[in-house]
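Descriptive analysis of the structure
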Amino acid sequence: SLVTMLRRMEKMAEQSVDPGKAFNDLLSSSAVSQWGLPRIGGRKVIKRKLYGRITAYIRTGLKKASKESKEELNMASESPFVTWLSSECNAIEGPKKQHQ
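Residues numbered from 1 in each chain as written. Predicted model: local features only at pLDDT ≥ 70, side-chain atom pairs only at ≥ 80, totals over all residues. Heavy atoms only, no water.

Section: the overall build of the protein
Looking only at helices and strands, the protein features six helices and zero strands. Reading the helices (α) and strands (β) of the protein from amino to carboxyl end gives α-α-α-α-α-α. Dimensions of the protein, computed from the C-alpha atoms along their principal axes, are close to 40 × 35 × 30 Å. Across the protein, the fraction of contacts at a sequence separation of at least 24, relative to all contacts at a separation of at least 6, is 53%. Total accessible area computed for the protein in this model is approximately 7000 Å², and 52% of it derives from carbon and sulfur atoms. (Helix = DSSP H or I, 4+ residues; strand = E, 2+ residues; numbered from the N terminus. Contact = heavy atoms within 4.5 Å. Areas by Shrake-Rupley, 256 points an atom, 1.4 Å probe, with all protein chains shown as cover.)

Put into structure tokens, the structure is as follows:
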């Protein structure tokens, strides 16, 4: 499940000297090719798509979940990976918003 995956990534972050680099390495071309998906774009595109899907899953899950599941989903939304991914997406979007 998503929550299980995020817990594993949290443990990975705790064991890493640089969690951001570790997370970024998971989105390298060679790592993404192992997902078994057709080419879906560069890191920026992958980060935006992945963050969008995770947040949509959490949002949808919160509407339908039991109280216990809602607590898990709220914790997932604050996990180190989701927090990192959010900041990465904000950094990607930041320069675009400044030019408008």
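Thoughts on the nonpolar core
Within the largest apolar cluster, 17 residues are counted, with the highest numbers of intra-cluster contacts made by Leu-6, Phe-23, Ile-54, Ile-58, Phe-81 and Trp-84. Elements with a minimum of two residues in this core: α1 (2-15), α4 (43-64), α5 (67-77) and α6 (80-99). A total of five residues in this core trace back to one element, the largest contributor, which is α1. (Core = buried A, V, L, I, M, F, W, Y, C linked by side-chain atoms within 4.5 Å. Buried < 20%, exposed > 50% of the residue type's maximum accessible area, 1.4 Å probe, protein only.)

Things to note about the packing of α4 against α5
In a packed pair of helices, the relevant descriptors are the angle between the two axes and the axis-to-axis distance. One can describe the packing of α4 onto α5 by two numbers: an axis separation of 9 Å at closest approach and a directional angle of 160°. As judged from the angle between their axes, α4 and α5 are roughly antiparallel. Of the two possible hands of crossing, α4 and α5 adopt the one that is left-handed. Residues Tyr-57, Ile-58, Gly-61 and Leu-62 of α4 pack against Lys-70, Leu-73, Asn-74, Ala-76 and Ser-77 of α5. Residues of the contact of α4 with α5, tallied by class, amount to five nonpolar, three polar and one charged. (Axes fitted to C-alpha atoms, helices over the stretch in contact; angles between N-to-C directions. Parallel < 35°, antiparallel > 145°, perpendicular 65-115°, else oblique. Left-handed = near helix turned anticlockwise from the far one by under 90°. Nonpolar A, V, L, I, M, F, W, Y, C, P; charged D, E, K, R; others polar.)

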